[in-house]
Amino acid sequence: IQRSQFPEPSFDPNAPYLDIYSHEKMIHPVINRPEPKRRFLPSLWERKKITKLVKLIKAGKIKPIEKPKKPKFYMIWGDSQQNEKLRPRQFIPAPRLRLPGHAESYNPPPEYIPTHNEKKWEESKPDNRRYSFVPTKYSSLRLVPAYPSFIKERFERCLDLYLCPRQTRMRIKVEPDALIPNIPKPRDLQPFPTTEYIVYKGHTGLVRCIAVDNEGAWLASASDDLTLRLWEVSTGRCLK
């Protein structure tokens with residue numbers, strides 16, 4: 001009582017604590033005053049400091065920090081000039097596996113199931129076999145056992161990807177219209193005869209063969225009407 005800790009008899013020291021300023025974010029701030037303009041504009045001393053730094057950078061006294069260079073790798077047994085001309089390594093996709101067919105099915109068609117005589121292929125060499133397994137028919141997928149050669153096939157696949165060389169092939173883009181030859185126009189093929197000059201009349205059947213004289217003055221023709229005629233080339237007159 002002398003220290004004035006309990007001045008009133010109605011004071012409860014075990015009353016619940018009322019947190020006026022809680023840790024939770026309040027909807028309305030304590031001070032609803034707008035932000036001052038000086039927080040958005042640079043001050044005078046900041047402008048002077050920036051101007052001084054710009055002058056030092058232009059004069060070359062302050063240099064930007066260079067990033068550490070990455071180590072260059074080179075071929076130990078190769079030529080230095082050849083290493084400089086090396087192109088960056090391109091990604092070469094792996095060859096795709098053959099898609100499974102009817103023979104790999106758990107319920108293959110009857111023509112894929114080997115007969116008693118066809119099972120002799122097991123005695124042949126593995127390279128000469130059509131399939132590396134025997135097509136078997138099962139009534140349901142639950143009855144299919146585990147494939148015993150799975151790890152072996154995966155290992156062979158890894159060897160093919162690791163040991164078999166691959167190379168990129170440049171695809172030539174060819175337009176289909178470029179493969180069609182350009183047919184010239186008839187007027188570009190002139191001069192050629194455009195009018196009928198001489199008509200050799202006399203044969204009643206189809207003319208089968210023609211023979212011209214060495215001097216070009218006489219013409220012999222044979223027809224299906226069983227006649228042989230001798231013509232004069234310049235006039236078209238039938239002599240015989």
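What counts and how
- Residues numbered from 1 in each chain as written.
- Predicted model: local features only at pLDDT ≥ 70, side-chain atom pairs only at ≥ 80, totals over all residues.
- Heavy atoms only, no water.
- Pairing = 2+ DSSP bridges.
- Helix = DSSP H or I, 4+ residues; strand = E, 2+ residues; numbered from the N terminus.
- Axes fitted to C-alpha atoms, helices over the stretch in contact; angles between N-to-C directions.
- 1 Å grid on protein atoms, 1.4 Å probe; cavity = no way out; pocket = protein on both sides within 12 Å on 5 of 7 lines; lining within 4 Å.
- Points joined across faces, edges and corners; volume = space filled by probe spheres on them.
- Nonpolar A, V, L, I, M, F, W, Y, C, P; charged D, E, K, R; others polar.
- Phe/Tyr/Trp six-rings, centres within 6.5 Å; stacked < 30°, edge-to-face > 60°.
- Buried < 20%, exposed > 50% of the residue type's maximum accessible area, 1.4 Å probe, protein only.
- Salt bridge = Lys/Arg side-chain N within 4 Å of Asp/Glu carboxyl O.

Asker: Mind showing me how you'd approach the sheet that holds strand β2 (residues 218-223) here?
Answerer: Whether parallel or antiparallel, the strands of a sheet pair through hydrogen bonds between backbone atoms. What the three strands build is an open sheet, ordered β1-β2-β3; its pairing is antiparallel. Across the chains shown, the open sheet's two edge strands, defined by having one partner strand only, are β1 (207-212) and β3 (228-232). Adjacent strand axes in the sheet meet at a mean angle of 25° when their direction is disregarded. Sheet topology places β1 next to β2; five bridges connect them, and they run antiparallel.

Asker: Looking at this structure, I do not really get the layout of surface pockets. What am I missing?
Answerer: When its volume is computed, the largest pocket comes out at roughly 1,200 Å³. Residue lining of the largest pocket: 32 residues in total, with Glu104, Ser132, Phe133, Tyr147 and Glu153 positioned closest to the centre. The residue makeup of the lining of the largest pocket, split by class, is 18 nonpolar, four polar and 10 charged.

Asker: In this structure, what is going on with the packing of aromatic side chains? I would like to understand it.
Answerer: For any pair of aromatic rings, the description consists of the separation of the ring centres together with the inter-plane angle of the planes. Applying the stated criterion to the full structure yields one aromatic pair. On the numbers, 5.6 Å between centres and 75° between planes, the contact of Tyr200 with Trp231 is edge-to-face. On the criterion of sequence distance, the pair formed by Tyr200 in the loop between α4 (176-179) and β1 and Trp231 in strand β3 is long-range, its members being 31 residues apart. Since its relative accessible area comes to 32%, Tyr200 is described here as partly exposed.

Asker: Help me understand the pattern of salt bridges in this model?
Answerer: Pairing between side chains becomes possible if they bear opposite charge and their charged atoms approach one another. Enumeration according to the criterion identifies three salt bridges in this entry. Arg98 is paired through a salt bridge with Glu104; the nearest N and O atoms lie 3.0 Å apart. Here Arg208 ties to Asp224 by a salt bridge, and the two come within 3.0 Å at their closest N and O atoms. With Arg208 in strand β1 and Asp224 in the loop between β2 and β3, the pair connects residues that are 16 residues apart, well separated along the chain. We classify Arg208 as exposed; its relative accessible area is 59%.

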